[in-house]
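# Secondary and tertiary structure notes
If you want the building blocks of each chain, they are given just below.
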Amino acid sequence: MRSNIFLFFVFFILPVLSLSGCEKQHSSGKYKPQSIHVNKTSLTLKVGEREQLSASVVPAVAHPPALQWSSTDESVATVVDGSVEAVATGETSVTVAYQDVGTAIAVRVEEVDPPDPPDPPDPPDPPTPSGRAVLYESALTAAVPELSVNGLGSYTVDGLRITTRGNTVQLNKFYALAERMAQYRVKFSADAKAVFKSSLGDFNAYVDVPNRRISIATNPATEKTVDFLQGDREYTVEIYHVYQQAKVRIVDEQTGEEAEISAVHDGQGGVGQGALQAGFSVGMQYDHYCFGLAGGTSMLVKQITVYALKGNVKLLIYGDSVSQPEGYFPTADFHLSWTQRIIRQLGGDAVSSGRGGGTINMLLEYIRNELPFVKAKYVMVTIGTNGGNTAANLSELTEYIRSQGAIPILNNIPCNESGTQAGVNLIIGLVRRKYGINGCLFDLATSLNGDGKDVDKSMMYWENYTNGWGEIYHHPNEKGGLKMFERTLVDLPGIYENNN
């Protein structure tokens, strides 16, 4: 009997005492592991990926202690209870520890593999004539005050006859509308080579009668043979600008034959060493329409008409280069720009009018040549990176928009690396409050902390200028365009009403 009691003590009581002693040792902090084992010694993740690590103490205990996880650089990767999240490219270490015993796991974060680029979209066809609004029209049978002839010819009962080469006639009407067309009624001499260009020379189109060819001065040249071209016959020549597309169309008024060519401006997605690609320059048709003789004896211009290719729109978007992404966006990404997202959300019932390098003083000039004829319910303005945004100028602009029966919207300028938007946005905010109007806070959408101060560089193209600006993150890219568009849904829901 005594031996049975002894055995009971050995097999049942001692293990309980032993276990109790171990737990007491652990709970009082006396337990110390020899090492901590982790299921991986290193990690390689893509930005945005997560991976769960598991760790165990050696020697094992029935109730393992709570382990502490940390990252030496949380801007690269963070860790919570062993769950590692990759934040940005770089290298860091994730450490798991208990008391003074720990194990480090090397973590490398790499860029996400870019998706295969989509095929570039087909260039848009110019809108049908039913959507046109006449911006300007004049028969040239007598002196026209809007034209600077520059001594190249003289007015006749048939039209303006140009006989001198080396310069061009200029229409002194400033246009920046992204969907427009200039139409000329012209008669050429048999040896004439006519040029239709922009006043800054970024765009040049030619009608070459002796060689029976029309062309756009791209590199390489965009050109087409036109068999019906001949001298002393009346033609209609049309020069289209539709965002990134330029188009030249010529119609023989006697036979009805026609021919056309088009080219698409493919932006670099940055400047200088910051450019994503070489791009393909076609020209934005800055700022005034010009025409003249590049060669030959004469050309007779009977009439000029300038059209907006849309009229009576819900929204007109005005601004500088930020509002003209067609100038710098790669064509494959252009549909992701903020202006195009807004126009698409409105079912095409909108048009933009941005001018790269433009100031509010320039806008005060060309809005008067466009808004009264296009007509719009809302006029949205995002301008100020090039100076001139005084309270007086912004007030004048607001009052002019209202005088045309439209509702003005003054947006904050997006963040940029120079930080120059901060002071201007204060003035814009004051003018908004003065007139009780709305605006979109693009600076909040494109800043690191959502406060409008420091630019989120991932939302901007990196641009390396040689004109003194140096390296700067300035123009919104496709990510910035999405954030700006999403901000309009928050700040300006009224412009989208009845468009869903």
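Look a little higher up for the structure.
Values in this document were obtained by computation on a predicted structure and should not be read as measured data.

Reading the values: rules and limits
- Residues numbered from 1 in each chain as written.
- Predicted model: local features only at pLDDT ≥ 70, side-chain atom pairs only at ≥ 80, totals over all residues.
- Heavy atoms only, no water.
- Helix = DSSP H or I, 4+ residues; strand = E, 2+ residues; numbered from the N terminus.
- Expected span 1.5 Å × (residues − 1).
- Contact = heavy atoms within 4.5 Å.
- Pairing = 2+ DSSP bridges.
- Axes fitted to C-alpha atoms, helices over the stretch in contact; angles between N-to-C directions.
- Core = buried A, V, L, I, M, F, W, Y, C linked by side-chain atoms within 4.5 Å.
- Buried < 20%, exposed > 50% of the residue type's maximum accessible area, 1.4 Å probe, protein only.
- Phe/Tyr/Trp six-rings, centres within 6.5 Å; stacked < 30°, edge-to-face > 60°.

Next up on the list: helix α5 (residues 421-435). Compared with the 21 Å implied by 1.5 Å per residue over 15 residues, the 21 Å span of α5 between its first and last C-alpha is a close match. Buried positions along α5 lie against α4 (391-403), β28 (407-410) and α6 (442-445). In the stretch just after α5, Gly436 is the one whose phi turns positive, near 65 degrees.

Pairing in this open sheet of three strands is antiparallel, and the strands run β3-β7-β6 from one edge to the other. Strands with a single pairing partner mark the edges of an open sheet, and in this sheet they are β3 (50-52) and β6 (77-80). Direction aside, neighbouring strands of the sheet carry axes that sit 20 degrees apart on average. Bridging between β6 and strand β7 (residues 83-86) involves four bridges; their strand directions are antiparallel. By the bridge assignment for β7, Val79 is matched with Val84.

Our focus in this paragraph is the sheet that holds strand β26 (residues 350-354). Two modes of strand pairing occur in sheets, parallel and antiparallel, and in both the strands are linked by backbone hydrogen bonds. The strand order across the open sheet built from four strands is β26-β25-β27-β28, with neighbouring strands paired in parallel fashion. On the outer flanks of this sheet lie β26 and β28, each paired with one strand and no other. Sheet twist, expressed as the average angle between the axes of neighbouring strands with direction ignored, equals 20 degrees. Contacts from helix α3 (residues 360-374) reach β25 (313-319), β26 and β27 (376-382), with the element oriented near 170 degrees to β25. The sheet contacts of α4 involve β27 and β28, and relative to β28 the element is tilted by about 150 degrees.

The next subject is the nonpolar core. Among the nonpolar cores identified, the biggest contains 106 residues, and Tyr184, Phe188, Phe196, Ile250, Phe291, Leu316 and Val379 are the most heavily contacted of them. Of the residues forming this core, the biggest block, seven residues, is contributed by α3.

Let us look at the pairing of β25. Burial analysis of β25 places seven of its seven residues in the buried class, the great majority of the element. Of the strand pairs in this sheet, β25 and β27 are connected by six bridges, and their pairing is parallel. Paired with Tyr318 across the two strands is Val381, which belongs to β27. Bridging between β25 and β26 involves five bridges; their strand directions are parallel.

Before going further, it helps to examine the packing of aromatic side chains. All told, the structure shown has 13 aromatic pairs when counted by the stated rule. When the ring of Phe174 is compared with that of Tyr366, the centres are 5.0 Å apart and the planes differ by 45 degrees; the resulting orientation is tilted. Separated by 192 residues along the polypeptide, Phe174 in the loop between β14 (169-171) and β15 (179-188) and Tyr366 in helix α3 bring together distant segments of the chain. Judged by its relative accessible area of 1%, Tyr366 falls in the buried class. Seen from their ring centres, Tyr175 and Tyr289 are 6.3 Å apart, and the 45 degrees between their planes marks the pair as tilted. Placement of the pair is Tyr175 in the loop between β14 and β15 and Tyr289 in strand β23 (residues 289-295), with a sequence separation of 114 residues. Take Tyr175: its relative accessible area is 1%, and that puts it in the buried class. By relative accessible area, which is 6% here, Tyr289 ends up buried.

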